[in-house]
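Here are the chains, one letter per residue:
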Amino acid sequence: MTATGRWRYPGDWSADLVALGILTIYGTFIRTPLYGGVDRAMIVSILLEPFACLIAIGLRLVFRRLGFDTRLTPGTVGLVALLSMAGALCQSAIAKLVLATGGWAVASWSPGQSWALPFSYYTFILLSWSLAHLWAAAQIEAATARQRAMAAETEALRSELQHLRHQLDPHFLFNALNGIDAEIPVHPDRASEMVRELADFLRYSLDHRDLKPVTLAAEVAAIRAYLELQKARFGDDLDFRIEAAPPALARSTPGFLLQPLVENAIKHGLRSGRRPLLIEIGVVIDGEHIRMRVTSPGTLRPDWRVAGTPGVGLAVLLRRIELHYPNGHQFTLVQAGDLVVAELRLSGLPCLT
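Residues numbered from 1 in each chain as written. Predicted model: local features only at pLDDT ≥ 70, side-chain atom pairs only at ≥ 80, totals over all residues. Heavy atoms only, no water.

Draft legend 1. How the structure looks around the pairing of strand β4 (residues 277–286). Sheet topology places strand β2 (residues 238–244) next to β4; seven bridges connect them, and they run parallel. Counted as the bridge partner of Leu 238 is Leu 277 from β4. The loop that links β4 with its antiparallel partner strand β5 (residues 289–297) comprises two residues; one of these, Gly 287, has a positive phi angle of about 65°. (Pairing = 2+ DSSP bridges. Helix = DSSP H or I, 4+ residues; strand = E, 2+ residues; numbered from the N terminus.)

Next comes the structure, spelled out in structure tokens:
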């Protein structure tokens, strides 16, 4: 019975019909030597095997009521065996009645054999049928549980990605507005230009606020607006160069992967004392990989992985690429002479988009 009170068939009726057909053919094959011909053996099988099928369906109802459909343990197998034997005993009584009524009793069987042999036969049939059903039900339940767990994990990861994605904009906006505020009293024209660049960047942010992939062409354009904003702030102290291969620009990735790398390069590069600070950005296709590289003057801290404020900058970037590319990402941050090189390699399509 279901929650609404309606009876529900405890299995797959089409599979049961196939099993009944196989059982009838098998029973006919077994009985043919006993009856000396196929005709009588087939009649007996056609009369008896539907009762065995009904008993098997009844056993399933009992198994479902006992909760055996969701677990298959040595203890449940023992109970299934006992219940199958009880079902086989009932089927043996039915067989004895049907054979006696039709005059089809096997003359060579003793009274004990007329009970023991059908009982053994139907115990084997019902036990095999029941265990096959319970094994299939356990597999289906396990697969369903895995699907539920995967769906829950996917939803949790989507929520985490959305949260991480939202962390980037306030962090950047805080820095940008502070920069504009500092320029207004002394360089109002430059502050006005910075506001326009900020508007372009925020427009990109609003247009790509969901988790869908963006083309690298759009990502590079947004980074260019960001750098123009920073250049308006720092003037001749900052310069940048962007080299993006056309094939790479057509590829898609999650948005705002380059921005934290560039922001980090500017923040730490200015501390190096090199003027002008040259930020170089390269985006290329390397075999099956997308390679994004940001190079800037500076000195890499040995503890860069744990340095800084948790939840922003590189910490957010690393968490995002782990979620988007669980088996297809590589991030390196190395010292190359007096330069710091950050490189992000991505392969495959981003997930959770």
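Draft legend 2. Broad picture of the packing of aromatic side chains. Scanning the entire structure with this criterion turns up two aromatic pairs. Taking the centre distance of 6.2 Å and the plane angle of 10° together, the rings of Tyr 26 and Tyr 121 count as stacked. Of this pair, Tyr 26 sits in helix α1 (residues 13–35) while Tyr 121 sits in helix α4 (residues 111–183), placing them 95 residues apart in sequence. With a relative accessible area of 36%, Tyr 26 lands in the partly exposed category. Judged by relative accessible area, Tyr 121 falls into the buried class, the value being 16%. Judged by centre distance (4.9 Å) and plane angle (75°), the ring pair of Tyr 121 and Tyr 122 falls under edge-to-face. Here the aromatic residues Tyr 26, Tyr 121 and Tyr 122 are joined through ring pairs into a cluster of three or more. (Phe/Tyr/Trp six-rings, centres within 6.5 Å; stacked < 30°, edge-to-face > 60°. Buried < 20%, exposed > 50% of the residue type's maximum accessible area, 1.4 Å probe, protein only.)

Draft legend 3. Examining a nonpolar patch on the surface more closely. A cluster of nonpolar residues, Tyr 26, Phe 29, Ile 30 and Phe 124, forms a patch on the protein surface that exposes about 440 Å² of accessible area. When residues of the nonpolar patch are assigned to their parent elements, the largest contribution, three residues, is made by α1. Along the chain, Phe 124 falls in helix α4. (Patch = residues over 30% accessible without salt bridge, like charges linked within 9 Å, V, L, I, M, F, W, Y side chains within 5 Å. Areas by Shrake-Rupley, 256 points an atom, 1.4 Å probe, with all protein chains shown as cover. Salt bridge = Lys/Arg side-chain N within 4 Å of Asp/Glu carboxyl O.)

Draft legend 4. Highlighting the packing of helix α2 (residues 38–66) against helix α3 (residues 74–102). Contact geometry for α2 and α3: axes closest at 10 Å, N-to-C directions at 155°. The orientation of α2 with respect to α3, classified from their angle, is roughly antiparallel. Between α2 and α3 lies a crossing whose hand is right-handed. Counted together, Val 44, Leu 47, Leu 48, Phe 51, Ala 52, Ile 55, Leu 59, Val 62, Phe 63 and Leu 66 of α2 and Val 80, Leu 83, Ser 84, Gly 87, Cys 90, Gln 91, Ile 94, Ala 95, Val 98 and Leu 99 of α3 form the full contact between these two elements. Grouping the constituent residues of the contact of α2 with α3 by class yields 17 nonpolar, three polar and no charged. (Axes fitted to C-alpha atoms, helices over the stretch in contact; angles between N-to-C directions. Parallel < 35°, antiparallel > 145°, perpendicular 65-115°, else oblique. Left-handed = near helix turned anticlockwise from the far one by under 90°. Contact = heavy atoms within 4.5 Å. Nonpolar A, V, L, I, M, F, W, Y, C, P; charged D, E, K, R; others polar.)

Draft legend 5. Molecular detail of the side chain of Glu 49. Structurally, Glu 49 can be placed in helix α2. Exposure remark for Glu 49: the relative accessible area of 0% places this residue in the buried category. When residues no more than four places from it in sequence are discounted, the contact partners of Glu 49 are Leu 20, Leu 23, Thr 24, Gly 27, Arg 31, Tyr 121 and Tyr 122.

Draft legend 6. Molecular detail of the pairing of strand β7 (residues 339–347). Among the nine residues that make up β7, seven are buried, leaving the element largely enclosed by the rest of the structure. Where β5 and β7 come together, nine bridges link them in antiparallel fashion. Looking at β7, one finds that Pro 297 is bridged to Leu 339. The sheet contact formed by strand β6 (residues 329–336) and β7 spans eight bridges and is antiparallel.

Draft legend 7. Here's a closer look at the sheet that holds β5. Taken together, five strands build an open sheet; the order of strands is β2-β4-β5-β7-β6 and the sheet is mixed. Because the sheet does not close on itself, it has two edges, and the strands there are β2 and β6. Strand-to-strand twist of the sheet, defined as the mean angle between neighbouring strand axes without regard to direction, takes the value 10°. Against the sheet, helix α6 (residues 216–234) engages β2, β4 and β5, with an angle of about 170° to β2. With respect to the sheet, helix α8 (residues 258–269) is in contact with β2, β4, β5, β6 and β7, its orientation differing from that of β4 by roughly 155°.

Coordinates in, geometry out; function isn't part of it.
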